[in-house]
Amino acid sequence: MKIRSVELAGVVAKPGAPPPARLPQVVFSGRSNVGKSSLINRLLGRTRKGVARVSATPGKTQQINFYRVDATLAGGRERAFLLVDLPGYGYARVPDAIRASWQPLIESYLSTSKSLAGVVQLIDMRHDATAGDLQMLEYLETLGVPVLVVLTKADKLGVTVRRAKAAELTAQLGVPVEQVITFSAETGEGRDELLRSVSALLTEVAA
Ligand code: GTP
Ligand code: MG
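About the criteria used
- Residues numbered from 1 in each chain as written.
- Chains lettered and ligands numbered in written order.
- Predicted model: local features only at pLDDT ≥ 70, side-chain atom pairs only at ≥ 80, totals over all residues.
- Heavy atoms only, no water.
- Pairing = 2+ DSSP bridges.
- Helix = DSSP H or I, 4+ residues; strand = E, 2+ residues; numbered from the N terminus.
- Axes fitted to C-alpha atoms, helices over the stretch in contact; angles between N-to-C directions.
- Salt bridge = Lys/Arg side-chain N within 4 Å of Asp/Glu carboxyl O.
- Buried < 20%, exposed > 50% of the residue type's maximum accessible area, 1.4 Å probe, protein only.
- 1 Å grid on protein atoms, 1.4 Å probe; cavity = no way out; pocket = protein on both sides within 12 Å on 5 of 7 lines; lining within 4 Å.
- Points joined across faces, edges and corners; volume = space filled by probe spheres on them.
- Nonpolar A, V, L, I, M, F, W, Y, C, P; charged D, E, K, R; others polar.
- Phe/Tyr/Trp six-rings, centres within 6.5 Å; stacked < 30°, edge-to-face > 60°.

Caption draft 1: Examining the sheet that holds strand β7 (residues 180–182) more closely. Taken in spatial order, the 7 strands of this open sheet run β1-β3-β4-β2-β5-β6-β7, and their pairing is mixed. Taken across any chain shown, the strands that pair with only one partner, and hence form the sheet edges, are β1 (2–12) and β7. Averaged over all pairs of adjacent strands, the angle between their axes in this sheet comes to 25 degrees, without regard to strand direction. Strand direction decides the pairing type here: strand β5 (residues 116–124) and strand β6 (residues 147–152), joined by 6 bridges, are parallel. Note that in β6 the partner of Val-120 across the bridge is Leu-148.

Caption draft 2: Spotlight on the pattern of salt bridges. Evaluation of the coordinates by the stated rule reveals 9 salt bridges. A salt bridge links Asp-124 to Arg-31, with the shortest nitrogen-to-oxygen separation between them at 3.4 Å. Residue Asp-124 is found in strand β5, and its partner Arg-31 is found in the loop between β2 (25–30) and α1 (36–43); the two are separated by 93 residues along the sequence. In terms of burial, Asp-124 and Arg-31 fall into one category: buried. We note a salt bridge from Arg-68 to Asp-70, for which the minimum N-O separation is 3.0 Å. Note on Asp-70: relative accessible area 17%, which makes it buried. Put simply, Arg-31, Asp-124, Arg-126 and Lys-153 are held in one network by salt bridges that share partners.

Caption draft 3: Seen up close, empty space enclosed by the protein. Scanning the entire structure with this criterion turns up 2 cavities of 30 Å³ or more. Taken as a whole, the second largest cavity spans an internal volume of roughly 40 Å³. Along the walls of the second largest cavity sit Met-1, Ile-3, Val-26, Phe-28, Leu-43, Leu-44, Phe-81, Leu-83, Leu-195 and Val-198, which together make up its complete lining. For the lining of the second largest cavity, the secondary structure elements donating two or more residues are β2, β4 (78–85) and α5 (191–206).

Caption draft 4: Representation of the layout of surface pockets. Roughly 290 Å³ of volume is contained in the second largest pocket. Considering the residues around the second largest pocket, the lining is formed by 11 residues, among which Tyr-89, Trp-102, Gln-103, Gly-132 and Gln-135 are closest to the centre. Broken down by secondary-structure element, the contributors of at least two residues to the lining of the second largest pocket are α2 (96–112) and α3 (131–143). When residues of the lining of the second largest pocket are assigned to their parent elements, the largest contribution, 5 residues, is made by α2. Each residue belonging to the lining of the second largest pocket can be placed in one class, and the counts come to 5 nonpolar, 4 polar and 2 charged.

Caption draft 5: Molecular detail of unusual backbone geometry. In this structure, Asn-33 takes a positive phi of about 75 degrees despite not being glycine. Mapping Asn-33 onto the fold places it in the loop between β2 and α1. Even without being a glycine, Lys-153 presents a positive backbone phi close to 60 degrees. Here Lys-153 lies in the loop between β6 and α4 (159–173).

Caption draft 6: A look at the packing of aromatic side chains. One pass over the structure, following the stated rule, counts 2 aromatic pairs. Taken together, a centroid distance of 5.5 Å and an interplanar angle of 85 degrees make the contact between Phe-66 and Tyr-109 edge-to-face. Here Phe-66 is found in strand β3 (residues 64–72), whereas its partner Tyr-109 is found in helix α2, with 43 residues between them in sequence. Note on Tyr-89 and Trp-102: the rings are 5.3 Å apart at their centroids and 70 degrees apart in plane angle, and the pair reads as edge-to-face. Residue Tyr-89 is located in the loop between β4 and α2, and its partner Trp-102 is located in helix α2; the two are separated by 13 residues in the primary sequence. The same class applies to Tyr-89 and to Trp-102, which are both buried.

Below is the structure:
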């Protein structure tokens, strides 16, 4: 898949508000600080002037950002889709009121969207999966949405540890190994594989 252009299409901050366009949606989810903005920027090839802000104040922005992406899929077909950046969960220093508003916002979007191509769930590969990660995966399973798992910050681990940790997390999460991608926003490792997988999700939803 080749990315041709990216622009912010809209923001949803209230449960029940509809997505800004009726396009297939690829959603990025993960706990705060997992590396979601960095991954999105690397994936879209926007490392110098990022579209997704790499924040100094994690967990502050409780809104869903929708980016319209125009891309050429593997088969040469042109495709517009929405890349959806969910607010990160589980940040310890977020006030309870903000934390409580997270779930209705996310769940109302995910459960009512009619055009979900898939959800990319990010897990920091240096740590174990959190309770929030497992809850999210369980919830996605109940929705029946295709899920990809991306293990982030791979460059922070040596090659041997990385392999062991990837196997351990895959078992912990109970996802098929074909759905798991090891990624580094720092080195670009995993970018091509993730682009191929996202392209496949979009091809399936178009069929
Ligand atoms: P919030 O939006 O605040 O919830 O965080 P986020 O999930 O968007 O994470 P973000 O991309 O802002 O990255 C968090 C921190 O991790 C930043 O300091 C990044 O530079 C760092 N980081 C993200 N990805 C990588 C990676 O692949 N390798 C390394 N070494 N650091 C990374
Ligand atoms: Mg972010």
